[in-house]
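This is what each chain is made of:
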Amino acid sequence: FCCSQGEISIVAPPMPYALKHLFIGIDEECEHFRKLARTYNNNLSFTSFAAKYDPKLTRNARGVYTFRV
């Protein structure tokens, strides 16, 4: 069932060097970033989110509300 028996695969693009440096570096800026990485992620999580939604689903009066992207 998972990944349609191998038909679907997730490919992660290579991490930009500047971001990789923040995770593996030993200077003060890198340590500060690692300490607050979760906060940065939470603050920026929807800044580049875009979607077209199906208005037919939002008018559904019965059942569970569905947001489809």
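Structure first, text after, so check above.
Position labels on residues start from 1 in each chain and follow its written sequence. It should be noted that, the model being predicted, local features are given only for residues of pLDDT at least 70 and side-chain atom pairs only at 80 or more, the latter also being counted only at that level, while totals for whole chains, interfaces and linings use all residues. No hydrogens and no water enter the side-chain calculation; it runs on all heavy atoms of the structure.

(A) Examining the overall build of the protein more closely. Numbered from the N terminus, helices here are DSSP runs of H or I no shorter than four residues, and strands are runs of E no shorter than two. The secondary structure content of the protein amounts to four helices and zero strands. When its helices and strands are written in sequence order, the protein yields α-α-α-α. For every residue, the accessible area obtained with a 1.4 Å probe (protein chains only) is divided by the maximum for its type, and the residue is called buried under 20%, exposed over 50%, and partly exposed between those limits. Relative to its 69 residues, the protein shows a buried fraction of 7%. Here, Shrake-Rupley sampling with a 1.4 Å probe gives the accessible areas, and only protein chains in the shown set may cover a residue. Split by element, the accessible area of the protein, about 7,000 Å² in all, is 59% carbon and sulfur.

(B) Focus on the packing of helix α2 (residues 17-24) against helix α3 (residues 28-44). Running from N to C, α2 and α3 cross one another at 85°; their axes reach a closest spacing of 7 Å. Classified by the interaxial angle, the pair formed by α2 and α3 is roughly perpendicular. When α2 is examined against α3, the residues L19, H21, L22, F23 and I24 are found in contact with a partner set consisting of E29, C30, F33 and R34. The residue inventory of the contact of α2 with α3, partitioned by class, reads six nonpolar, one polar and two charged. To obtain each axis, a line is fitted to C-alpha atoms, and for helices this fit is confined to the stretch in contact; angles are then taken between N-to-C directions over 0 to 180 degrees. Roughly parallel here means an angle under 35 degrees, roughly antiparallel means over 145, roughly perpendicular means 65 to 115, and every remaining angle is called oblique. Here a residue-residue contact requires only that any non-hydrogen atoms of the pair lie within 4.5 Å. Each residue gets one of three labels, nonpolar for Ala, Val, Leu, Ile, Met, Phe, Trp, Tyr, Cys and Pro, charged for Asp, Glu, Lys and Arg, and polar for the others, Gly among them.

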